[in-house]
Amino acid sequence: MGRAAPLTPPVGAVVPRRPAGGLRGDRLWRNLTLAPALLLFGLLTLVPMASLLALSFNSVAWSAGKSVWTFVGLANFAALAADTLFRASIWNTAVFAGLGVVIQIVIGFVLALLVSSVVHGRTAYRAVFLLPILIPGIVIGAIWKLMYGFDFGVINLLTGVVGLEPRDWLGEASLALGSIIAVDVWHWTPFCFLLLLAGIESLPQDVFEAARIDGASGWQSLAHITLPLMAPVIAFTFIFRMILAFKVFDEIYLLTGGGPGTATEVLSFTIYRRFFIEDRPGYGAAMSFVAFVAITVMILLAGRLGRRRRE
């Protein structure tokens, strides 16, 4: 048999370089193939945003089945400052998103650590933990509406066993928002668990082996290895869940309708109220645009903090 050719060129050999024109051709072809998708994405994003911004400077009335736009300038934006419902919705949304997402990440991280250490039956644990996120929102609303029921709800039955008085969990202003947060935590913790479990399972095991040989305890490995390495995944999970939490609507609509009073009034539900119930699309568009800008700023700040953390 003949001698196999070397896989690498000998030392000192001149390796031919790819012509610069070939690299430019590859970049040009890549850009051309991506251009239709980018154009479509831009149209589907920029055109609705431009239409929303234009609508926010107008007042809309209906005449003979047609919309009549009247330019009002910044009047819709100026009215936001005096809108008590808008201020209440911002506060409730911030509390709902901030507290709920933090609880979800903590619980999801603990569950991910526990499942990652399981040798047998890991698939079964994943399937059980993922069940809540697979249930449609309308079904979740019906289930928790019954569970929170004052007379026959299972939660009041359980609290009655330990001697506590029944409470109107969705009808008392001091309890309603917390009750909605509990539903959201139950619903979306599996999402955080799934992302964090994928991050934990991708960590380099040789680092943990070296720490174990050096005598590091489990808590020391968690604090000095797992958490620093997981910081980018945790930051991504936090940002992504915050975006979804700021857009919460179905749980509020199905369980409380924003009540009692303004206890569970969140931003998405207030926008829905202004747009469709009060028939004020111009004012609702102004509110939507302000919310869009606020969420965009939050995402950019969180991304910048995440980059600094990684550096």
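Residues numbered from 1 in each chain as written. Predicted model: local features only at pLDDT ≥ 70, side-chain atom pairs only at ≥ 80, totals over all residues. Heavy atoms only, no water.

Draft legend 1. Highlighting the overall build of the chain. Helix and strand counts for the chain come out as twelve helices and two strands. N-terminal to C-terminal, the α/β element order of the chain is α-β-β-α-α-α-α-α-α-α-α-α-α-α. For 311 residues, the compact-globule estimate of 2.2 N^0.38 gives 19 Å, and the chain exceeds it by more than 25% at 27 Å. With the C-alpha coordinates aligned to their principal axes, the bounding extent of the chain is approximately 85 × 60 × 35 Å. Across the 311 residues of the chain, 33% fall into the buried class. (Helix = DSSP H or I, 4+ residues; strand = E, 2+ residues; numbered from the N terminus. Rg over C-alpha atoms; globule rule 2.2 N^0.38 Å. Buried < 20%, exposed > 50% of the residue type's maximum accessible area, 1.4 Å probe, protein only.)

Draft legend 2. Expanded view of a nonpolar patch on the surface. A cluster of nonpolar side chains, contributed by Val102, Val106, Val110, Leu114 and Phe238, occupies part of the molecular surface with about 410 Å² of accessible area. At four residues, the largest contribution of residues to the nonpolar patch is made by helix H3 (residues 84-116). Considering the arrangement of structural elements, one finds leucine 114 in helix H3. (Patch = residues over 30% accessible without salt bridge, like charges linked within 9 Å, V, L, I, M, F, W, Y side chains within 5 Å. Areas by Shrake-Rupley, 256 points an atom, 1.4 Å probe, with all protein chains shown as cover. Salt bridge = Lys/Arg side-chain N within 4 Å of Asp/Glu carboxyl O.)

Draft legend 3. Region of the structure containing the nonpolar core. Phe96, Trp144 and Tyr148 are the most contacted members of the largest nonpolar core, which has 39 residues in total. Listing elements by their share of this core, those giving two or more residues are H3, helix H5 (137-147), helix H7 (173-201), helix H8 (205-213), helix H9 (218-246) and helix H10 (250-255). Grouped together as the second largest cluster of nonpolar side chains are twelve residues, Phe86, Phe275, Tyr283 and Met287 included. (Core = buried A, V, L, I, M, F, W, Y, C linked by side-chain atoms within 4.5 Å.)

Draft legend 4. Main features of unusual backbone geometry. In this structure, proline 260 follows glycine 259 across a cis peptide bond, with omega equal to -5°. Among the secondary structure elements, proline 260 is positioned in the loop between H10 and helix H11 (267-277). With a phi angle near 55°, aspartate 279 is a residue other than glycine that sits in the positive phi range.

Draft legend 5. Looking closely at the pattern of salt bridges. Throughout the structure, instances matching the rule amount to eight salt bridges. Among the ionic pairs, arginine 167 bridges to glutamate 172, the shortest N-O distance being 2.8 Å. Note on arginine 167: relative accessible area 33%, which makes it partly exposed. Assessed through its relative accessible area of 23%, glutamate 172 is described here as partly exposed. In this structure, a network of salt bridges that share partners links the residues Asp83, Arg274, Glu278 and Arg280.

Draft legend 6. The pairing of strand S2 (residues 66-71), seen in detail. Alignment of strand S1 (residues 58-63) against S2, held across six bridges, turns out to be antiparallel. Residue pairing for S2: tryptophan 62 is matched across the bridge by serine 67. Hairpin remark: S1 followed by S2, antiparallel, with two residues in the connecting loop; positive phi at alanine 64, about 55°. (Pairing = 2+ DSSP bridges.)

Draft legend 7. The packing of aromatic side chains, seen in detail. For the coordinates displayed, the defined rule picks out 17 aromatic pairs. Ring geometry for tryptophan 144 and tryptophan 186: centres 5.7 Å apart, planes at 65°, overall edge-to-face. Of this pair, tryptophan 144 sits in helix H5 while tryptophan 186 sits in helix H7, placing them 42 residues apart in sequence. On the basis of relative accessible area, tryptophan 144 is assigned to the buried category, the value being 10%. The partly exposed category is assigned to tryptophan 186, whose relative accessible area is 31%. Each member of the aromatic cluster is reached from another via a ring pair, and the members are Phe249, Tyr253, Phe269, Tyr272, Phe275 and Phe276. (Phe/Tyr/Trp six-rings, centres within 6.5 Å; stacked < 30°, edge-to-face > 60°.)

Draft legend 8. A look at H11. Among the eleven residues in H11, eight count as buried, and that is most of the element. Among the residues of H11, Leu267, Ser268, Phe269, Thr270, Ile271, Arg273, Arg274 and Phe275 are the ones counted as buried. Looking one or two residues past H11, aspartate 279 carries a phi angle of roughly 55°, positive in sign.

Draft legend 9. Molecular detail of the packing of helix H4 (residues 122-134) against H7. Running from N to C, H4 and H7 cross one another at 145°; their axes reach a closest spacing of 6 Å. The element H4 and its partner H7 pack so that their crossing is left-handed. Note on element contacts: H7 touches H4 through Trp186, His187, Trp188, Pro190, Phe191, Phe193, Leu194, Leu197 and Glu201, opposite Arg122, Arg126, Phe129, Leu130, Pro132 and Ile133. Looking at the contact of H4 with H7 residue by residue, the class counts come to eleven nonpolar, one polar and three charged. (Axes fitted to C-alpha atoms, helices over the stretch in contact; angles between N-to-C directions. Left-handed = near helix turned anticlockwise from the far one by under 90°. Contact = heavy atoms within 4.5 Å. Nonpolar A, V, L, I, M, F, W, Y, C, P; charged D, E, K, R; others polar.)

Draft legend 10. Structural context of the side chain of serine 56. Note that serine 56 resides in helix H1 (residues 20-56). Owing to a relative accessible area of 0%, serine 56 belongs among the buried residues under this scheme.

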